[in-house]
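# Understanding the architecture of this molecule
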Amino acid sequence: MRIWGKMKGIGLALLLAGPLSAQEFSGLARLDAAESHVADTRRGLELELALSQTVPWRIFTLDEPRRLVLDFAEVDWTGADPEALLSGTRASALRVGSGRPGWSRLVLDLAEPLAVESAEMRAQPSGAARLRVALGPVSAEAFAERARPADPAGETLAPPRVAETGPLVVAVDAGHGGVDPGAMREGLVEADLMLQLARETVEAINRSGNMRAVLTRDADAFVPLSERMTIARAAGADLLLSLHADALEEDEASGGSVYTLSDEAQDTASGRMVERHQRGDLLAGLDLSRQDDRVATALMDLARIDTAPQSERLAQALVASLGAAGAHLNSRPRRSAPLAVLNAADFPSVLVEVGFLSNAGDRARLVDPASRARIVAGLVAGLRNWAAEEAARAPLRRR
């Protein structure tokens, strides 16, 4: 039997004909082993996995020997101890690892014939996901009838991936959206233009081979700034790149510029974030829910000791690469401002104003595919150059 995954809570049924490519997937989901288990129930067996994000998945059973197989595109099993996840007697062994390229696999050896009664993945408000599978007893004949005749992947299970640096994960944020269209001039809407540019940027990043990208919105929908940061954290983003195209009263200003959070804004950003966000979402991997505001703010300020200079270097790299790629830049392309979308403390963030809709030349460049391609090329090159510089700095930071 095979069941293709339904992600309840986001209303999406995924019917997959083959493995996902890097262009189609935003990043590895991570397993929270402490919140996951496989255990006997009064009726049969229950499997629950806590994941950092929703992913495409499928489930099926195999006979001789009896096994339950879960395939995901794609889960990082680092830190998972199969023996610690497994309890009870109805399952005799649990293995995790990778299957065919782009897929991760969990195999559960069944000590008795059990059939899948329900299986669903639910998206959580935080951006995380819960997969729950319930199995109940059936006869050996019924199990054999429901089981697949062969493993559709046709491959043995490889060991879990060893923890590694991995690709750079970039959260690409298309500014505005939905009820917030942003700037509008001559029939052009900032939210629409930035979504198009963001999609093109994500595609180019994913083609690069050593980076992965995730969109904070992929439709003309309103996404609150706090949720954009949550989406970035859930994807394991290493940085956030927000794309905008403003409009001024006059049409003289033109060209792109790159913003970081201003020094004066950094002093108050931590306090505002603590007030406006759930503390469990303030720093990736760190639970601040039991800390008071002073502790949470102090921890965020400490995080900014690293991320603020990284943001500065990222902005400089992007300005240089955009210019080298032939993108039209403002006469003062490096700027800072107290922008809310740059408030995250746990990863570098920059906002790129790719032009001004109030300027006829910029409008023409933003609707011209060749001009947008120069912007995209500059962004991707800047990200690559920044990542190489940060990698070179890493040993010094560890000292």
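Above this text is the structure in question.
A brief report on the enclosed structure follows. Sequence order as written defines the numbering, with residues in each chain counted from 1. In view of the model being predicted, local features appear only for residues whose pLDDT reaches at least 70, and side-chain atom pairs are presented and counted only at 80 or more, with totals across whole chains, interfaces and linings using the full set of residues. As a rule here, side-chain values come from all non-hydrogen atoms in the structure, and water together with hydrogens is ignored.

Right, let's get into the pattern of salt bridges. Counted as salt bridges are all cases of a side-chain nitrogen of Lys or Arg within 4 Å of a carboxyl oxygen of Asp or Glu. Inspection of the entire model under this criterion finds 16 salt bridges. We note a salt bridge from arginine 199 to aspartate 218, for which the minimum N-O separation is 2.8 Å. Taken together, the residues arginine 199 in helix 3 (residues 190–207) and aspartate 218 in the loop between strand 17 (211–215) and helix 4 (225–234) connect sequence positions 19 residues apart. Take arginine 199: its relative accessible area is 40%, and that puts it in the partly exposed class. With its nearest N and O atoms 2.9 Å apart, the salt bridge here joins glutamate 200 to arginine 372. On the criterion of sequence distance, the pair formed by glutamate 200 in helix 3 and arginine 372 in helix 8 (residues 369–398) is long-range, its members being 172 residues apart. We call a residue buried when its accessible area falls under 20% of the maximum for its residue type, exposed when it is over 50%, and partly exposed in between, using a 1.4 Å probe and counting protein chains only. Among the residues examined, glutamate 200 registers a relative accessible area of 25% and is labelled partly exposed. Via salt bridges that share partners, Glu35, Glu48, Arg130 and Arg132 belong to a single interconnected network. Numbered from the N terminus, helices here are DSSP runs of H or I no shorter than four residues, and strands are runs of E no shorter than two.

Taken residue by residue, helix 4 has Arg228, Met229, Thr230, Ala232, Arg233 and Ala234 as its buried positions. Of the residues trailing helix 4, glycine 236 is marked for its positive phi of about 70 degrees.

Moving on to the pairing of strand 12 (residues 114–123). Judged from the nine bridges that link them, strand 12 and strand 13 (residues 129–137) form a sheet pairing that is antiparallel. Paired with alanine 123 across the strands is alanine 129, a residue of strand 13. The loop that links strand 12 with its antiparallel partner strand 13 comprises five residues; one of these, glycine 127, has a positive phi angle of about 100 degrees. Pairing between strands is defined by DSSP: at least two bridges between them are needed.

So, about a negative patch on the surface. Patches here are clusters of residues that have more than 30% relative accessible area and form no salt bridge, with a 9 Å joining cutoff for like charges and a 5 Å cutoff for nonpolar side chains (Val, Leu, Ile, Met, Phe, Trp, Tyr). Areas reported as accessible are Shrake-Rupley estimates using a 1.4 Å probe. Residue values count occlusion only from the protein chains shown. Positive charges are assigned to Lys and Arg, negative charges to Asp and Glu, while His and the chain termini are left out of the count. The atom standing in for a charge is NZ when the residue is Lys, CZ when it is Arg, CG when it is Asp and CD when it is Glu. The grouping of Glu249, Glu250, Asp251 and Glu252 at the surface amounts to a negative patch. Topologically, aspartate 251 is positioned in the loop between strand 18 (239–246) and strand 19 (256–261).

How two aromatic rings sit relative to each other is set out by the distance from centre to centre and by the angle between their planes. Planes of paired rings set the category: under 30 degrees apart is stacked, over 60 is edge-to-face and the rest tilted, where pairs are Phe, Tyr or Trp rings (Trp by its six-membered ring) whose centres lie within 6.5 Å. In this structure the tally under the stated criterion is one aromatic pair. Here the aromatic rings of phenylalanine 72 and tryptophan 77 are separated by 5.9 Å at their centres, their planes lie at 75 degrees, and the arrangement is edge-to-face. Taking relative accessible area as the criterion, phenylalanine 72 reaches 0% and is therefore assigned buried. The ring of phenylalanine 143 carries arginine 66 above its face, with NZ or CZ at 5.9 Å from the centroid. Only Lys NZ and Arg CZ are tested; either one counts as a charge over a ring when it is within 6 Å of the ring centre and within 35 degrees of the ring normal.

A separate point is empty space enclosed by the protein. Here a cavity means grid points, on a 1 Å grid over the protein atoms only, where a 1.4 Å probe fits yet cannot get out; a pocket means an open set of points with protein on both sides within 12 Å along at least five of seven lines; lining residues are those with an atom within 4 Å of a point. Grid points are joined across faces, edges and corners, and a volume is the space filled by probe spheres set on the points. Summed over all chains, the structure comprises three cavities of 30 Å³ or more. Its volume calculated, the second largest cavity comes out at about 50 Å³. Lining the second largest cavity are Gly256, Ser257, Leu322, Ala327, His328, Leu329, Val352, Glu353, Val354 and Ile375. At the level of elements, strand 19 and strand 21 (349–356) are the ones that each hand at least two residues to the lining of the second largest cavity. Looking at which element gives the most residues to the lining of the second largest cavity, the answer is strand 21, with three residues. For this classification, Asp, Glu, Lys and Arg are treated as charged, while Ala, Val, Leu, Ile, Met, Phe, Trp, Tyr, Cys and Pro are nonpolar and the rest, including Gly, are polar. Its residues placed into classes, the lining of the second largest cavity shows six nonpolar, three polar and one charged.

In a regular helix each residue adds 1.5 Å, so 18 residues correspond to 26 Å; helix 3 covers 26 Å between its end C-alpha atoms and thus fits that length. Where helix 3 is concerned, the buried positions are Glu190, Ala191, Leu193, Met194, Leu195, Leu197, Ala198, Thr201, Val202, Ala204, Ile205 and Asn206. Trailing helix 3 by a residue or two, glycine 209 shows a phi angle of about 90 degrees, which is positive. Helix span is expected to be 1.5 Å times the residue number reduced by one.

The subject of this paragraph is the sheet that holds strand 21. One open sheet accounts for six strands, arranged 17-14-18-21-19-20; its pairing is mixed. The sheet is open, and its two edges are formed by strand 17 and strand 20 (329–337), each paired on a single side. Across the sheet, the axes of successive neighbouring strands diverge by a mean angle of 25 degrees, strand direction being ignored. Judged from the five bridges that link them, strand 19 and strand 20 form a sheet pairing that is parallel. Bridge pairing in strand 20 places leucine 261 opposite alanine 337. Any two residues whose heavy atoms approach within 4.5 Å are treated as being in contact. Note on definitions: angles span 0 to 180 degrees between N-to-C directions of axes, and those axes are lines fitted to C-alpha atoms, for helices only across the stretch in contact. The strands that helix 3 touches are strand 14 (168–174), strand 17, strand 18 and strand 21; relative to strand 17, the one it contacts most, it runs at about 155 degrees.

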